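# Examination of the molecular architecture
Here are the chains, one letter per residue:
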Amino acid sequence: YLKEGGTERIATIRREMQFAMEKGCGVYRKGETNKETCDALRGLRERFRNIRVEDRDRVFNTDLTAAIELDYMLDIATAMAEGALARTESRGAHQRLDFKTRNDQQFLAHTLRVHAADIARFNPGFHWDPDASGRSAFLVVTADEVVGVVLSHAEAPGVAQIDLDYVTPKFR
(Lines give C-alpha, C1' and ligand atoms only; values in the text may rest on other atoms or scores of the structure.)
Protein backbone atom coordinates (compact mmCIF):
# COMPACT_ATOMS: atom_id res chain seq x y z
CA TYR A 1 0.00 0.00 0.00
CA LEU A 2 2.82 2.38 0.78
CA LYS A 3 4.73 1.93 -2.48
CA GLU A 4 5.92 5.00 -4.35
CA GLY A 5 4.52 6.25 -7.65
CA GLY A 6 0.83 5.34 -7.41
CA THR A 7 -1.49 7.58 -9.40
CA GLU A 8 -4.99 6.38 -8.46
CA ARG A 9 -6.86 8.15 -5.66
CA ILE A 10 -8.58 5.96 -3.08
CA ALA A 11 -11.67 8.19 -2.96
CA THR A 12 -12.11 8.05 -6.75
CA ILE A 13 -12.03 4.25 -6.89
CA ARG A 14 -14.37 4.01 -3.90
CA ARG A 15 -16.87 6.43 -5.46
CA GLU A 16 -16.81 4.54 -8.78
CA MET A 17 -17.29 1.24 -6.93
CA GLN A 18 -20.33 2.68 -5.12
CA PHE A 19 -21.79 3.97 -8.39
CA ALA A 20 -21.25 0.62 -10.13
CA MET A 21 -22.89 -1.29 -7.28
CA GLU A 22 -25.90 1.04 -7.21
CA LYS A 23 -26.31 0.77 -10.97
CA GLY A 24 -26.08 -2.98 -11.41
CA CYS A 25 -26.36 -4.73 -8.07
CA GLY A 26 -29.37 -3.18 -6.39
CA VAL A 27 -32.54 -4.92 -5.30
CA TYR A 28 -34.00 -4.59 -8.82
CA ARG A 29 -31.48 -5.60 -11.47
CA LYS A 30 -31.00 -7.05 -14.92
CA GLY A 31 -28.27 -9.40 -16.07
CA GLU A 32 -26.93 -6.87 -18.57
CA THR A 33 -26.34 -4.10 -16.02
CA ASN A 34 -25.15 -6.63 -13.45
CA LYS A 35 -22.53 -7.88 -15.93
CA GLU A 36 -21.44 -4.27 -16.55
CA THR A 37 -20.97 -3.93 -12.78
CA CYS A 38 -18.84 -7.10 -12.67
CA ASP A 39 -16.70 -5.74 -15.52
CA ALA A 40 -16.39 -2.35 -13.82
CA LEU A 41 -15.31 -3.97 -10.56
CA ARG A 42 -12.62 -5.98 -12.36
CA GLY A 43 -11.34 -2.72 -13.85
CA LEU A 44 -11.40 -1.02 -10.45
CA ARG A 45 -9.50 -3.95 -8.92
CA GLU A 46 -6.83 -3.52 -11.61
CA ARG A 47 -6.65 0.23 -11.00
CA PHE A 48 -6.46 -0.37 -7.23
CA ARG A 49 -3.03 -1.92 -7.77
CA ASN A 50 -1.86 1.59 -8.62
CA ILE A 51 -3.35 3.50 -5.67
CA ARG A 52 -1.59 6.41 -4.05
CA VAL A 53 -1.51 6.56 -0.26
CA GLU A 54 -0.60 10.19 0.32
CA ASP A 55 0.06 9.99 4.05
CA ARG A 56 3.40 8.16 4.45
CA ASP A 57 3.25 7.96 8.25
CA ARG A 58 3.07 4.48 9.78
CA VAL A 59 1.14 5.55 12.91
CA PHE A 60 -2.53 6.65 12.94
CA ASN A 61 -2.58 6.71 9.15
CA THR A 62 -6.23 7.08 8.14
CA ASP A 63 -5.26 7.18 4.45
CA LEU A 64 -3.65 3.75 4.80
CA THR A 65 -6.72 2.51 6.70
CA ALA A 66 -8.95 3.74 3.86
CA ALA A 67 -6.81 1.85 1.34
CA ILE A 68 -7.03 -1.39 3.33
CA GLU A 69 -10.80 -0.97 3.74
CA LEU A 70 -11.24 -0.31 0.02
CA ASP A 71 -9.23 -3.44 -0.79
CA TYR A 72 -11.66 -5.52 1.27
CA MET A 73 -14.72 -3.65 -0.05
CA LEU A 74 -13.69 -4.44 -3.63
CA ASP A 75 -13.53 -8.14 -2.69
CA ILE A 76 -16.98 -8.03 -1.09
CA ALA A 77 -18.50 -5.99 -3.93
CA THR A 78 -17.12 -8.45 -6.48
CA ALA A 79 -18.51 -11.44 -4.57
CA MET A 80 -21.93 -9.76 -4.31
CA ALA A 81 -22.02 -8.76 -7.98
CA GLU A 82 -20.85 -12.15 -9.29
CA GLY A 83 -23.31 -13.91 -6.98
CA ALA A 84 -26.15 -11.65 -8.14
CA LEU A 85 -25.25 -12.34 -11.77
CA ALA A 86 -25.28 -16.09 -11.17
CA ARG A 87 -28.70 -15.91 -9.50
CA THR A 88 -31.16 -16.49 -12.32
CA GLU A 89 -34.40 -16.12 -10.39
CA SER A 90 -36.33 -13.64 -8.31
CA ARG A 91 -36.68 -14.64 -4.67
CA GLY A 92 -37.22 -12.66 -1.50
CA ALA A 93 -35.75 -9.18 -1.69
CA HIS A 94 -33.67 -9.89 -4.81
CA GLN A 95 -35.52 -9.17 -8.04
CA ARG A 96 -34.03 -10.05 -11.41
CA LEU A 97 -36.13 -8.10 -13.88
CA ASP A 98 -35.04 -10.51 -16.62
CA PHE A 99 -35.99 -13.58 -14.50
CA LYS A 100 -39.34 -12.75 -12.95
CA THR A 101 -40.24 -16.24 -11.73
CA ARG A 102 -38.79 -18.41 -8.99
CA ASN A 103 -37.24 -21.79 -9.69
CA ASP A 104 -38.42 -23.71 -6.64
CA GLN A 105 -37.06 -27.06 -7.84
CA GLN A 106 -33.56 -25.62 -8.21
CA PHE A 107 -33.83 -23.85 -4.85
CA LEU A 108 -34.87 -27.13 -3.18
CA ALA A 109 -31.90 -28.92 -4.78
CA HIS A 110 -29.59 -26.13 -3.60
CA THR A 111 -31.00 -26.30 -0.05
CA LEU A 112 -30.54 -30.07 0.08
CA ARG A 113 -26.94 -29.70 -1.19
CA VAL A 114 -26.02 -26.96 1.28
CA HIS A 115 -27.38 -28.94 4.24
CA ALA A 116 -26.40 -32.41 2.95
CA ALA A 117 -23.90 -33.20 5.72
CA ASP A 118 -26.30 -32.15 8.48
CA ILE A 119 -29.19 -34.03 6.85
CA ALA A 120 -27.02 -37.17 6.56
CA ARG A 121 -26.11 -36.87 10.24
CA PHE A 122 -29.77 -37.21 11.28
CA ASN A 123 -31.05 -39.25 8.29
CA PRO A 124 -28.12 -41.47 7.18
CA GLY A 125 -30.00 -43.34 4.45
CA PHE A 126 -31.84 -40.35 3.03
CA HIS A 127 -31.95 -39.97 -0.76
CA TRP A 128 -34.26 -37.62 -2.64
CA ASP A 129 -35.25 -38.46 -6.19
CA PRO A 130 -36.91 -35.33 -7.63
CA ASP A 131 -38.10 -37.21 -10.71
CA ALA A 132 -40.04 -39.90 -8.86
CA SER A 133 -43.82 -39.58 -9.19
CA GLY A 134 -46.07 -38.79 -6.26
CA ARG A 135 -43.42 -36.77 -4.43
CA SER A 136 -44.03 -33.47 -2.64
CA ALA A 137 -41.64 -30.92 -1.18
CA PHE A 138 -42.35 -28.11 1.25
CA LEU A 139 -39.77 -25.46 2.02
CA VAL A 140 -40.35 -23.55 5.23
CA VAL A 141 -38.97 -20.04 4.79
CA THR A 142 -38.91 -16.93 6.95
CA ALA A 143 -37.89 -13.64 5.33
CA ASP A 144 -35.36 -14.99 2.80
CA GLU A 145 -33.95 -17.77 4.98
CA VAL A 146 -34.74 -21.49 4.89
CA VAL A 147 -36.04 -22.78 8.22
CA GLY A 148 -36.63 -26.35 7.13
CA VAL A 149 -37.71 -28.86 4.51
CA VAL A 150 -40.44 -31.50 4.56
CA LEU A 151 -40.30 -34.12 1.79
CA SER A 152 -42.89 -36.83 1.28
CA HIS A 153 -44.22 -39.35 -1.21
CA ALA A 154 -47.60 -41.02 -1.76
CA GLU A 155 -47.61 -44.34 0.11
CA ALA A 156 -51.19 -45.27 -0.81
CA PRO A 157 -54.29 -43.35 -1.91
CA GLY A 158 -54.77 -40.62 0.68
CA VAL A 159 -51.66 -41.65 2.65
CA ALA A 160 -48.32 -39.84 2.58
CA GLN A 161 -44.99 -41.09 3.88
CA ILE A 162 -42.65 -38.42 5.28
CA ASP A 163 -39.18 -38.93 3.78
CA LEU A 164 -37.54 -35.98 5.48
CA ASP A 165 -38.58 -33.55 8.21
CA TYR A 166 -35.53 -31.33 8.51
CA VAL A 167 -34.95 -28.09 10.44
CA THR A 168 -31.81 -26.05 9.80
CA PRO A 169 -29.41 -25.70 12.77
CA LYS A 170 -30.22 -22.02 13.38
CA PHE A 171 -33.90 -22.79 14.02
CA ARG A 172 -33.55 -25.90 16.20
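Before going into details, it helps to say that this report is about the structure given with it. (Residues numbered from 1 in each chain as written. Predicted model: local features only at pLDDT ≥ 70, side-chain atom pairs only at ≥ 80, totals over all residues. Heavy atoms only, no water.)

### Overview of the pairing of strand β6 (residues 145-156)
Across 8 bridges, the pairing between strand β5 (residues 135-142) and β6 is antiparallel. Across the sheet, Val140 pairs through a bridge with Gly148, a residue of β6. As judged from the 8 bridges shared by β6 and strand β7 (residues 159-167), these two strands associate in the antiparallel manner. Bridged to His153 within β7 is Gln161. Counting the residues that bridge the hairpin from β6 to β7 gives 2 residues, and of these Gly158 lies at a positive phi of roughly 80 degrees. (Pairing = 2+ DSSP bridges. Helix = DSSP H or I, 4+ residues; strand = E, 2+ residues; numbered from the N terminus.)

### What about the packing of helix α1 (residues 10-24) against helix α2 (residues 31-48)?
One can describe the packing of α1 onto α2 by two numbers: an axis separation of 8 Å at closest approach and a directional angle of 165 degrees. Between α1 and α2, the angle falls in the class roughly antiparallel. The way α1 lies across α2 gives a crossing that is left-handed. Here Thr12, Ile13, Glu16, Met17, Ala20, Met21, Lys23 and Gly24 of α1 lie close against α2, whose contacting residues are Thr33, Asn34, Glu36, Thr37, Ala40, Leu41, Leu44, Arg47 and Phe48. Partitioning the contact of α1 with α2 into residue classes produces 8 nonpolar, 5 polar and 4 charged. (Axes fitted to C-alpha atoms, helices over the stretch in contact; angles between N-to-C directions. Parallel < 35°, antiparallel > 145°, perpendicular 65-115°, else oblique. Left-handed = near helix turned anticlockwise from the far one by under 90°. Contact = heavy atoms within 4.5 Å. Nonpolar A, V, L, I, M, F, W, Y, C, P; charged D, E, K, R; others polar.)

### Here we look at the packing of α2 against helix α3 (residues 62-86)
Where α2 meets α3, the closest approach of the two axes is 9 Å, and the angle between their N-to-C directions is 155 degrees. As the angle between them shows, α2 and α3 are arranged roughly antiparallel. Of the two possible hands of crossing, α2 and α3 adopt the one that is left-handed. Side by side, α2 and α3 meet where Gly31, Asn34, Lys35, Thr37, Cys38, Leu41, Arg42, Leu44, Arg45 and Phe48 of the first sit next to Ala67, Leu70, Asp71, Leu74, Asp75, Ala77, Thr78, Ala81, Glu82, Ala84 and Leu85 of the second. The residue inventory of the contact of α2 with α3, partitioned by class, reads 11 nonpolar, 4 polar and 6 charged.

That's the geometry; what it means functionally is another story.
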